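Working through the structure, step by step
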Amino acid sequence: MILQIKNQCISEQLQSQVLRAIDEQMSLNIVAGNSKRFLGRSVQAKCRVLDISAHCGIIEYNPCELVLTARAGTPLKEVEKILAENGQMLPFEPPHFAGGATLGGAIASGLSGPRRPYAGSARDLVLGCKLLNGRGEILRFGGQVMKNVAGYDVSRLMVGAYGTLGVLLEISLKVLPRPVVSTTYCHECKPEAAIRFMNDLLRRALPVDGACYYKGQCYVRISGSQQAVTTASNDIPGEALSYQSHFWQNLRDHQLSFFQTNTSLWRISCKPATAPIKIKGIAAVNDWLLDWGGAQRWLVGDIEAGRVRDPVLSQGGHTTCFRGIKNNVDVFQPLSQPMLTLQQRLKKSFDPLGLFNPGRMYAAL
Amino acid sequence: MTNAEQRRQFIKELGLLLPFDALLTEVEEMRPYECDGLSVYRRLPMAVALPDQVEQVQAIMRLCHEYKVPVVARGAGTGLSGGALPLENGLLLSLAKFNRILNIDPANAQATVEPGVRNLAITEAAKPYNLYYAPDPSSQIACTIGGNVAENSGGVHCLKYGLTVHNVLQVKIITIEGELMTLGSETLDSPGYDLLALITGSEGMLGIFIEIIVKLLPIPERAQVVLAAFDDVEKAGEAVGAIIAEGIIPAGLEMMDKLAIQAAEDFVHAGYPRDAAAILLCELDGSNAEVSEQIMTVRDVLKKQGATEVRTAKDEAERQRFWKGRKSAFPAVGRLAPDYYCMDGTIPRYQLPIVLKRINDLSAEYGLPVANVFHAGDGNLHPLILYDANKPGELEKTEAFGSKILEFCVAVGGTITGEHGVGMEKIDQMCVQFQSAELSQFHAVKEAFDPERLLNPGKAVPTLQRCAEFGAMHVHHGQLKYPELERF
Ligand SMILES: Cc1cc2nc3c(=O)[nH]c(=O)nc-3n(C[C@H](O)[C@H](O)[C@H](O)COP(=O)(O)OP(=O)(O)OC[C@H]3O[C@@H](n4cnc5c(N)ncnc54)[C@H](O)[C@@H]3O)c2cc1C
């Protein structure tokens, strides 16, 4: 398939930049669209920028195979456009935030949008990758097929590693048909009731692909064939939401008014049926937004990290200080010492000199 | 561990950690553990341990670490790549006694189980809550969830519902140092590197799974299967792409060729058309309305693609019968010859015609018949080569034929194993699929978990030296350069 989009391979240039960095023992700050610059710890000082945005273009896409392979610097917009033209989509709905997001950044940060509990996460959909490790070697793992158990699953390990294990060069992903119809219903309820309702949906075979609770309203998206959506709508209470509201896209990209705040934004990952988490000084409804049917919760407010982290941890969840980090708190949930040691060993196995994005995830990685 | 004295001492200390009947050292009692589902490789271990407490496993691992005794984990031993093949100087650690379902949490749709729980037992336990565990390897009545995680097993429903890796939330492992660690979490992600993804499919090389939390799904309101017959294998292959092009992701999409159809028909009377060159089984599930609509579409597509017959199972009993034929394809084909050898390559689906042609040509060249069973939706082929191990040289010929198939899968952009793992069996083909820098990276990953390489050593990832020798073997066209080398 011939594509009109920007298409350029600079993997050899990137490789020589990494080799030079090895020679000079100079750390590298890997960037592409820079749409997630706010996220994570700031990379330790004295780093050279390794810009991969010029390494872009879709390499292979055959809709019947449900697989797309593209260079890491390819803008998500371009990937989504060509998929849409063929009636397909990236099932994990990666956030674009303010725009300019690339495929490599989406995979390196491993973030997924509202459809995640129902269609899988970024890591679930990765099939293979080509990467540059900290020895300056170009390696390929996984492939362009759905099933592949030859060797350790290094491709999925790259997802959410924030570039600290290697420079992603190419990524192959599983893609899926875009549902023919999608409708959202919205009803008013208390948070407890919303959590119960959204979790009941998990036990019923309904074509739900989004469930969120925001400002006292529970939003449920159902998608599929016309028949399926019409029938399922009998089971979902509330009013149909206008298509023009772009609710899910605004949720995905943090454009809803909830996110427009100068205070810290916390991301809480918990078991979906976890009862509303009570934190002193935080309003039970307005300071929370529940996505992923209750499994991903957002919290706004300037509160001390321990007061968010402790109650979440005690319920088996974990937290990220997503935006507006104050007082040098750990961005990601601190790891236990044995776990950190194992992760450091793993980091060393890919990047023995610690060149890639040092400190972006944890000070010790 | 080198000498007999140390060996005695090790066994003695091991005996102190386990009840009398949980440690086997006599040849006769260890026999059942000498091989897994790939029985052409057999070897007795130094001892077999059958613990049933987490602390026992921790203590065993510490002892093995201290004595530098390699450890091979074993679930049900249904693996098809020799992954659980014992090592002569090693301990075989059976997890079979860890067979308790610890918790079903319907509110969060998850189940906590021990590693020795059988795959199907999870689905049975979840049924009262209208839930089930999706990955369904054909061996599901016997294989364990621990083995499934170690192999990243698939099943006939993984096109829509994913492999093991997509359906596991958390595992607790015991490291070679005896440390208990939790990877993943009960939530949808976990902080730090995704070690859960890395350890899924790691074939017992990185840690021992001791507890697993799996995701459960609601039982679909309706499941319906359509059977289509074709007079040409290629047409059947094209029909698969055509269904997907309609925007439908079937729950299962399986293909069988003539030999497999006839074998299955003779074995379980599934109701397959015996004279077809290929059949497709296409399962659709979801809400009643959705399934009705999709059946119509799929039937139309199949007819348009030249199916000679399209049949929708008329009731649940017929649907079960259609699947029974497919799920018993291996034993059914097994009745056609004294032995069969199951391959497991995956290819991009559009390459199917040339791969099938190549398999046919090779079959003629080697004089060995092949039956093809195929997870068509996700491109995973299972050619079953029929042979007779009692005929001198026939096993070697079969293995050579099998390697050729796998190498061709790599050549067309696929892989040497879709779901059965590398184990001992495909270790040389790893040299075809990966470059030395990639293999070195795998070794480095292993060292992060197991610096002394005591967990299932010698499996899954070949040494560079082995690959160099394998390459040399290739150059010499089957005339082995190093006949004395171990060559499984
Ligand atoms: C008739 C038949 C049909 C099959 N169909 C399918 C199929 O459709 N799809 C499919 O994917 N596979 C299939 N298989 C292969 C096999 O059943 C799977 O690989 C299965 O997951 C193996 O599980 P097991 O408990 O028997 O593991 P074993 O064979 O005992 O072990 C397999 C590997 O896992 C490791 N292991 C086992 N338990 C643990 C543990 N607790 N911790 C760490 N490592 C462990 C072992 O060391 C070994 O490397 C089939 C096999 C047969 C015989």
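Residues numbered from 1 in each chain as written. Chains lettered and ligands numbered in written order. Predicted model: local features only at pLDDT ≥ 70, side-chain atom pairs only at ≥ 80, totals over all residues. Heavy atoms only, no water.

Some points on the sheet that holds strand E10 (residues 208–215) of chain B
Residue and element names in this part refer to chain B. Taken together, five strands build an open sheet; the order of strands is E5-E6-E10-E8-E9 and the sheet is antiparallel. Strand pairing shows two members of the sheet lacking a second neighbour, strand E5 (101–105) and strand E9 (180–184), which therefore form its edges. On average, each strand axis in the sheet is inclined to that of its neighbour by 15 degrees, with strand direction left out of account. Where E5 lies against strand E6 (residues 110–113), four bridges are found, and the strand directions are antiparallel. Bridge pairing links Ile104 to Ala111 in E6. (Pairing = 2+ DSSP bridges. Helix = DSSP H or I, 4+ residues; strand = E, 2+ residues; numbered from the N terminus. Axes fitted to C-alpha atoms, helices over the stretch in contact; angles between N-to-C directions.)

Some details on the pattern of salt bridges
Should their charged atoms come close, side chains of opposite charge can pair. Residue and element names in this part refer to chain A. Across all of its chains, the model carries 42 salt bridges over all chains by this definition. Two residues, Arg203 and Asp200, come together in a salt bridge whose shortest N-O distance is 2.6 Å. One salt bridge connects Arg252 with Asp253, and the closest N-O pair in it is separated by 3.0 Å. Residues participating in the shared-partner salt-bridge network are Glu93, Arg115, Asp209 and Arg221. (Salt bridge = Lys/Arg side-chain N within 4 Å of Asp/Glu carboxyl O.)

Looking at the packing of aromatic side chains
The description of an aromatic ring pair uses the distance of the two centres, along with the angle that the planes make with each other. This structure, assessed with the given rule, holds 19 aromatic pairs over all chains. Arranged with centres 6.4 Å apart and planes meeting at 85 degrees, the rings of Tyr132 of chain B and Tyr161 of chain B form a pair that is edge-to-face. Of this pair, Tyr132 of chain B sits in strand E7 (residues 131–132) while Tyr161 of chain B sits in helix H6 (residues 158–161); the two residues are 29 residues apart in sequence, bridging distant segments of the chain. With relative accessibility at 19%, the residue Tyr161 of chain B sits in the buried group. Among the aromatic residues, ring-to-ring pairing joins Phe38, Phe97, Tyr214, Tyr219, Phe247, Trp248, Phe258, Phe259, Trp298 and Phe322 of chain A into one connected group. The ring of Trp248 of chain A has Arg221 of chain A sitting right over it, with the charged end atom 4.9 Å from the ring centre. Lying across the ring of Phe408 of chain B, Arg358 of chain B places its NZ or CZ 5.4 Å from the centre. (Phe/Tyr/Trp six-rings, centres within 6.5 Å; stacked < 30°, edge-to-face > 60°. Buried < 20%, exposed > 50% of the residue type's maximum accessible area, 1.4 Å probe, protein only. Lys NZ or Arg CZ within 6 Å of the ring centre and 35° of its normal.)

Topic: the site of the ligand
Residues and elements named next belong to chain B. In the vicinity of the ligand, 33 residues are found, and the nearest of them are Ala73, Gly75, Thr78, Ser139 and Thr144. Contact distances for the ligand include 3.4 Å between an oxygen atom and a backbone N or O atom of Gly147. In isolation the ligand offers 980 Å² of accessible surface; the protein chains occlude 94% of this area. Breaking the shell around the ligand down by element, the ones donating at least two residues are strand E3 (71–74), helix H5 (145–151) and E10. In terms of residue count, the dominant contributor to the shell around the ligand is H5 (five residues). Tallied by class, residues from the shell around the ligand come to twelve nonpolar, 17 polar and four charged. (Near = heavy atom within 4 Å. Polar contact = N/O pair within 3.5 Å; in protein donor to acceptor, adjacent residues only side chain to side chain. Areas by Shrake-Rupley, 256 points an atom, 1.4 Å probe, with all protein chains shown as cover. Nonpolar A, V, L, I, M, F, W, Y, C, P; charged D, E, K, R; others polar.)

Topic: the pairing of E10 of chain B
Residues and elements named next belong to chain B. Counting buried positions over the eight residues of E10 gives seven, a clear majority of the element. In terms of strand pairing, strand E8 (residues 168–174) meets E10 through six bridges, oriented antiparallel. When the sheet's bridge partners are listed, Lys172 is paired in E10 with Glu211.

With respect to the interface of chain A and chain B
Each partner contributes residues to the interface: chain A has 71 residues there, and chain B has 84 residues. Across the interface of chain A and chain B, roughly 6,200 Å² is buried in total on both sides, 61% from carbon and sulfur atoms. It is Lys147, Val149 and Tyr152 of chain A that lose the most area in chain A upon contact with chain B, and together they represent 16% of the buried surface on that side. Summed over the shared surface of chain A and chain B, the result is five salt bridges. At the surface where chain A touches chain B, the tally comes to 32 residue pairs in polar contact (both at pLDDT 80 or more). (Contact = heavy atoms within 4.5 Å. Buried area = accessible area lost by both parts, 1.4 Å probe.)

Things to note about the domain arrangement of chain A
All names here are of chain A. When the domains of chain A are assigned, the result is domain 1 (2–177) and domain 2 (181–323). The straight-line distance from the C-alpha centre of domain 1 to that of domain 2 is 27 Å. Every contact between the two is made by 16 residues of domain 1 and, on the other side, 17 residues of domain 2. Buried area between domain 1 and domain 2, both sides added, is near 1,400 Å², and the carbon and sulfur share of it is 61%. Broken down residue by residue, the surface that domain 1 buries against domain 2 is led by Phe97, Pro114 and Tyr118, which jointly contribute 44%. Linking domain 1 to domain 2 there are two salt bridges. Here Arg115 ties to Asp209 by a salt bridge, and the two come within 3.0 Å at their closest N and O atoms. Counting across the interface, domain 1 meets domain 2 through five residue pairs in polar contact (both at pLDDT 80 or more). (Domains from an automatic or database assignment.)

Regarding the environment of Lys446 of chain B
In this fold, Lys446 of chain B is placed in helix H16 (residues 436–449). Here Lys446 of chain B falls in the buried class, since its relative accessible area comes to 4%. It is 10 Å that separates the C-alpha atoms of Lys446 of chain B and Pro457 of chain B, two residues lying eleven residues apart in sequence. If sequence neighbours within four positions are ignored, Lys446 of chain B has contacts with Tyr152 of chain A together with Met205, Leu206, Pro451, Arg453 and Leu455 of chain B.

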